[in-house]
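Chain by chain, the residues:
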Amino acid sequence: MSTYPKIKVTPPGPKAREAVKKDERFISPSYGRFYPLVVESGKGCIVTDVDGNEYIDFNSGLVCLNVGHNHPKVIQAIKNQCDRFLHYSNTDFYYNEVLDAAEKLAEITPGNFDKKVYFGNSGAEAVEASVKIAKWHTRRQLFIGFISAFHGRTIGALSFTASKPTQKRYFFPLMPGVTHVPYPYCYRCPFKLTYPGCHYWCVDFIDEYVLQKYVPPEDTAAILIEPIQGEGGYVVPPPEYFQRLKKMADKYNLLLIDDEVQSGMGRTGKWFAIEHWGIEPDIVCTSKALASGMPLGATISNAKIMDWVPGSHASTFGGNPVSCVAALAVISVIKEEKLLDNATKQGAYIMKRLGEFKEQCDIVGDVRGKGLMIGMEIVEDKESKKPAPKKVTEIMMRSWKRGISVITCGASTIRVAPPLIITRELVDSALDIIEDVTKEVAKEA
Ligand SMILES: Cc1ncc(COP(=O)(O)O)c(C=O)c1O
């Protein structure tokens, strides 16, 4: 039996409440916090708050801590680098840390071709770079994006984001030329069809209706897609979706940009989630878990496509040496500790356990995922499948108060994304509590 979690005072405790007061006074009100967890420290899969409560981290610090909090090898690499140099603008000079990180990323990214890497500081910057690379290379201006997508909040990335109206309200006009199409969300098919009888109409629709009627393919640079929708609700496309999408993209010479900011770096039991479908995207964006919490974004492209010229894109801190050594340490820890295997193993166990729980609980509509990127969708009832945002919030809050830092995504989905180092013991402790509070909330309905 695991000794975690350990709740000493019902959160938020006095010190956490004090911090929240200060936050209200000084911090931008644009952040939308899940709950007042005020972090004091983290180790492995455990996060401790300022009042001494110890939680099982079931969200990996917003899916950034795949190797766990403060992995000793990551910390040592950062400390060593701090003793050497903190910065020397990769945009204007050279250093080996950025070259080594690029070499390793090229190795682990899908695609049997030469690759080049652009480094920025965040997921949004990785996406912005991919869009500019696609424009530069193709000299085309139009793009296909997806409904419920999340690609970040800078103006270019936001043009593709289509997850919640608050993300876009009052910020128009955005980058022109992005057309959003339905994502393959089989549990709630936007076309009200059923897989596999639908015969992948969601792909043919893009071809027959979008490209052939109002988005000329000759003017279209790329399709930008998440291999598993993250903020949109941990939505997993059906088995042949990406093979078909890629075939259609190739037919019209459109680039395929794969946004792996959330799903990459081993999260799904493969280095990149798109590998589950066996296709090779032209450009891959990654960030979040790449440097274990240090700011780093990478846009990895087929070398032939990344043909822009000096001055066409750069950012002072992109490829910071401290972040790059953290990324190198993350890659070697994932390999040495066989974390892809552990993600697959623990993920399969969680899928089985939650799958069985779904059968017994009236408000669990769907359980889906790959590796340790798993969504449990909460509904008002199984027949109507009506999303249940209040219920999912209640489940998240009660789980947190009992020591599980789990968060939501989409309209009403519990997002299960613990660090890839998670043990069966901690999984069981966390699921016992999540299932327990879900049953409570279901009873109160
Ligand atoms: C798939 C995806 N792309 C892009 C982003 C944006 O990343 P960032 O917040 O680092 O800008 C996110 C963030 O959640 C994401 O999930």
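Scroll up a little and you will see the structure.
Sequence order as written defines the numbering, with residues in each chain counted from 1. It should be noted that, the model being predicted, local features are given only for residues of pLDDT at least 70 and side-chain atom pairs only at 80 or more, the latter also being counted only at that level, while totals for whole chains, interfaces and linings use all residues. Water and hydrogen atoms play no part in the side-chain values, which are based on all heavy atoms of the structure.

## Describing the pattern of salt bridges
Any two side chains of opposite charge can pair, given that their charged atoms come close.
Right, so step 1: A carboxyl oxygen of Asp or Glu within 4 Å of a side-chain nitrogen of Lys or Arg is what we treat as a salt bridge. In the structure shown here, the tally under the stated rule is 23 salt bridges.
Right, so step 2: Measuring nitrogen to oxygen at the nearest pair gives 3.2 Å for the salt bridge that ties Lys352 to Glu356. Of this pair, Lys352 and Glu356 both sit in helix α10 (residues 339-360), 4 residues apart, roughly one helical turn.
Right, so step 3: A relative accessible area of 54% means that Lys352 is categorised as exposed. Elements are defined by DSSP. Helices are runs of H or I of four residues or more, strands are runs of E of two residues or more, and each kind is numbered from the N terminus. Relative accessibility thresholds used throughout: buried, under 20% of the residue-type maximum; exposed, over 50%; partly exposed, between the two (1.4 Å probe, protein chains only).

## Quick word on the nonpolar core
Right, so step 1: Only buried residues count toward a nonpolar core, which is a set of Ala, Val, Leu, Ile, Met, Phe, Trp, Tyr and Cys residues joined through side-chain atoms within 4.5 Å. Residues Phe58, Phe119, Met265, Met376, Ile378 and Ile414 are the most contacted members of the largest nonpolar core, which totals 73 residues.
Right, so step 2: In terms of residue count, the dominant contributor to this core is helix α9 (residues 321-336) (10 residues).
Right, so step 3: Pairs of residues are marked as contacts when any of their non-hydrogen atoms sit within 4.5 Å. In contact with Phe119, not counting residues within four places along its chain, are Val98, Ala101, Ala102, Leu105, Leu296, Gly297, Ala298, Gly318 and Gly319.
Right, so step 4: Membership of the second largest hydrophobic core comes to 38 residues, among which are Phe146, Val203, Val210 and Ile279.

## Some remarks on the pairing of strand β2 (residues 46-49)
Right, so step 1: Burial of the side chains of β2 extends over both faces: Ile46 and Thr48 are buried on one face and Val47 and Asp49 on the other.
Right, so step 2: Connecting strand β1 (residues 39-43) to the antiparallel partner β2 that follows it, the hairpin turn spans 2 residues, and Gly44 within it adopts a positive phi of roughly 60 degrees.
Right, so step 3: Here β2 pairs with strand β3 (residues 54-57) via 3 bridges, running antiparallel. Following the sheet pairing, Ile46 is matched in β3 by Ile56.
Right, so step 4: In this description, strands pair whenever DSSP reports at least two bridges between them. Taken together, β2 and the strand that follows it, β3, pair antiparallel across an intervening segment of 4 residues, in which Gly52 is found at a positive phi of about 90 degrees.

## Things to note about the site of the ligand
Right, so step 1: Definition of nearness: a residue and a molecule or strand are near each other if at least one heavy atom of the residue lies within 4 Å of the molecule or strand. All residues in the neighbourhood of the ligand are listed as Ser122, Gly123, Ala124, Phe150, His151, Gly152, Glu226, Glu231, Asp259, Val261, Gln262 and Lys288.
Right, so step 2: Whenever a nitrogen or oxygen atom comes within 3.5 Å of another N or O atom, the pair is scored as a polar contact, on the condition that within protein one atom can donate a hydrogen and the other can accept it, and that pairs from neighbouring residues in sequence are kept only if both atoms are in side chains. Contact between the ligand and Gly123: an oxygen atom at 2.9 Å from a main-chain N or O atom of the residue.
Right, so step 3: At a separation of 2.7 Å, a nitrogen atom of the ligand approaches a polar side-chain atom of Asp259.
Right, so step 4: Computed by Shrake-Rupley with a 1.4 Å probe, the accessible areas treat only the displayed protein chains as cover when residues are assessed. Here the ligand loses 82% of its free accessible area of 400 Å² to cover by the protein chains.
Right, so step 5: Residue composition of the shell around the ligand, by class: 3 nonpolar, 5 polar and 4 charged. For this scheme, ten residues count as nonpolar: Ala, Val, Leu, Ile, Met, Phe, Trp, Tyr, Cys and Pro. Four count as charged, namely Asp, Glu, Lys and Arg, and the remainder, Gly too, count as polar.

## Overview of the sheet that holds strand β6 (residues 178-181)
Right, so step 1: The mixed open sheet is built from 7 strands, whose spatial order is β4-β10-β9-β8-β7-β5-β6. Taken across any chain shown, the strands that pair with only one partner, and hence form the sheet edges, are β4 (115-120) and β6. If you compare each strand with its neighbour and ignore which way they point, the axes differ by 20 degrees on average.
Right, so step 2: Sheet strands in contact with helix α8 (residues 241-251) are β5 (142-146), β7 (220-225) and β8 (255-259), and its direction is about 170 degrees off that of β7. Only the stretch in contact is used when a helix axis is fitted, and all axes are lines through C-alpha atoms; the angle between N-to-C directions ranges over 0 to 180 degrees.

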